[in-house]
Amino acid sequence: MSCDNAKTTQCQERTKDPLEMFHSGHLVKICAPMVRYSKLAFRTLVRKYNCDLCYTPMIVAADFVRSIKARDSEFTTNKGDCPLIVQFAANDAQLLSDAAQIVCPYANGIDINCGCPQRWAITEGYGACLINKPELVQDMVKQVRSQVENPKFSVSIKIRSGRERAAMTLQWAAVASFLYTEIGLILTLCLPFISPQRWHKIFTFPLWSKIATYWNKAFLTIIVLLIVLFLDAVREVKKYSISHGLEKNSNSNPSAYEHVQMKLFRAQRNLYISGFSLFLWLVLRRLVTLITQLAKELRIKGILKIQADSNNDAAKKYLEENERLKQALEKSAKGDEQITDTENKYLMENMEKLKTELKKTSDGNFLCMFECRKNNLTFYTVKFLCFP
């Protein structure tokens, strides 16, 4: 630990409680802890721009207590570097209290990092994994307050504000809601008592025709978003699966293993939600298309059925008319035959009469008979030849 003019740094500013600034009613400007940046030179710069409170970068308490070299390289300060809060990463109450006693003369308080999400910090039992151990955090705070003599020496805890997590939760909650909506729509479209023709009427509402121009763009946009979310979930699952295997084999820190397992579970959940949302979105689009096509086919089938029924009725009428004409022709043919038979009988009787008369003649006249057949009727022509 390096301190410029260490005696002068122990001034009244070092003994003030930083919490008093928040009760003053004025805006408090704070330089938050930033890895590798929030050191003395940077803190001196921001104080020139009226920064009220500065934090040091995160310092591992165990290394800070055990190594003088670590103290000299990680913590430097001077007279104008106040008020100052030193941030520590710790998982042991005694080590944290020892580190707090070392920096107490040169700082206004310490801050326990319970929000760092870095993998190495979680593996060592620091940072975000301490959220799952509230008893340990409580013990560390009590230990520091009991061993540091300055009653105004502040002990604070850094945690995640929850905004990032809330944003992610809102994002995946929106995807989950979209998935539930897709399931509801698909089940509704599959109801057996709603015919495709009725769905087709719903799909052909004037409102749908107005938004049809934007439908394809919206469909493709949702497809791209779901694909991006799905690929991100695959990446997260792959990352935490590797970490899960390493932590399980090492057995170095049970809390780190539990934290990685929790991350893996969330990544797998997000993978399932985004994957099923993408799949059902494509299924929904295809289902609507098939219902529309089926409705059109059924409509065409109904039209063809009506045409076939009308053609059948016309054919029946034509057959009935044909039967009537056939019967009429048969009746007319029978009447013609009767007339022909009557005429033949009449001609035969006349021929017999002529033969009788010829026999009665005795003057040597000769009779010539000519037979003529026409239309299945026999005609006889009689000529008399007389000789003197």
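The notes below deal with the structure included here. (Residues numbered from 1 in each chain as written. Predicted model: local features only at pLDDT ≥ 70, side-chain atom pairs only at ≥ 80, totals over all residues. Heavy atoms only, no water.)

**With respect to the overall build of the protein chain**
A tally of helices and strands in the protein chain yields 12 helices and 10 strands. Counting every position in the protein chain, which comprises 388 residues, the buried fraction comes to 30%. Taking the contacts inside the protein chain whose residues are at least 6 apart along the sequence as the reference set, 70% of them involve residues at least 24 apart. Approximately 26200 Å² of the protein chain is accessible, and the part contributed by carbon and sulfur atoms is 60%. (Helix = DSSP H or I, 4+ residues; strand = E, 2+ residues; numbered from the N terminus. Buried < 20%, exposed > 50% of the residue type's maximum accessible area, 1.4 Å probe, protein only. Contact = heavy atoms within 4.5 Å. Areas by Shrake-Rupley, 256 points an atom, 1.4 Å probe, with all protein chains shown as cover.)

**Focus on the packing of aromatic side chains**
Aromatic ring pairs are described here by two measures, namely the spacing of the ring centres and the angle between the planes. Across all of its chains, the model carries 3 aromatic pairs by this definition. With centroids separated by 5.3 Å and ring planes inclined at 50°, the aromatic side chains of Phe178 and Trp281 adopt a geometry described as tilted. Here Phe178 is found in helix H9 (residues 163-189), whereas its partner Trp281 is found in helix H12 (residues 254-360), with 103 residues between them in sequence. Assessed through its relative accessible area of 22%, Phe178 is described here as partly exposed. For the pair Phe219 and Trp281, a centre-to-centre distance of 5.6 Å together with 25° between the ring planes defines the contact as stacked. Of the two residues, Phe219 sits in helix H11 (residues 206-250) while Trp281 sits in helix H12, which places them 62 residues apart along the sequence. For the residue pair Phe219 and Trp281, the accessibility class agrees, reading buried in each case. Sitting over the face of the ring of Phe219, Arg285 holds its NZ or CZ atom 4.5 Å from the ring centroid. (Phe/Tyr/Trp six-rings, centres within 6.5 Å; stacked < 30°, edge-to-face > 60°. Lys NZ or Arg CZ within 6 Å of the ring centre and 35° of its normal.)

**A closer look at helix H3 (residues 40-47)**
For H3, the set of buried residues is Leu40, Arg43, Val46 and Arg47. When H3 is viewed along its axis, its buried side chains cluster within an angular range of 130° and face the same direction. Summarising the contacts, the buried residues of H3 are in contact with strand S2 (30-31), strand S3 (53-55), strand S5 (76-77) and strand S6 (84-89). (Arc of directions from axis to C-beta.)

**A closer look at unusual backbone geometry**
Backbone torsion omega between Cys82 and Pro83 reads 0°, so that peptide bond is classified as cis. Looking at where Pro83 falls in the secondary structure, it is placed in the loop between S5 and S6. Residues other than glycine seldom take positive phi values, yet Arg36 does so here, at roughly 65°. If you trace the backbone, Arg36 turns up in the loop between S2 and H3. Overall, the relative accessible area of 68% leaves Arg36 in the exposed class. One non-glycine residue, Asn50, lies in positive phi territory at about 65°. Mapped onto the secondary structure, Asn50 falls in the loop between H3 and S3.

**Describing the pairing of S6**
The element S6 is largely enclosed, with a buried count of 6 among its 6 residues. What you see with S6 is no split at all: Leu84, Val86 and Phe88 on one side and Ile85, Gln87 and Ala89 on the other are buried throughout. Sheet topology places S3 next to S6; 2 bridges connect them, and they run parallel. Bridged to Tyr55 within S6 is Ile85. Both strand S4 (residues 59-60) and S6 contribute to a ladder of 2 bridges, which runs parallel. (Pairing = 2+ DSSP bridges.)

**A short note on the packing of helix H6 (residues 93-103) against helix H8 (residues 134-147)**
It is the contact of H6 with H8, at a shortest axis distance of 8 Å, that shows an interaxial angle of 40°. When you trace H6 past H8, the crossing you get is right-handed. On H8, the residues that touch Ala93, Gln94, Leu96, Ser97, Asp98, Ala100 and Gln101 of H6 are Asp139, Met140, Gln143, Val144 and Gln147. A per-class count over the contact of H6 with H8 returns 5 nonpolar, 5 polar and 2 charged. (Axes fitted to C-alpha atoms, helices over the stretch in contact; angles between N-to-C directions. Left-handed = near helix turned anticlockwise from the far one by under 90°. Nonpolar A, V, L, I, M, F, W, Y, C, P; charged D, E, K, R; others polar.)

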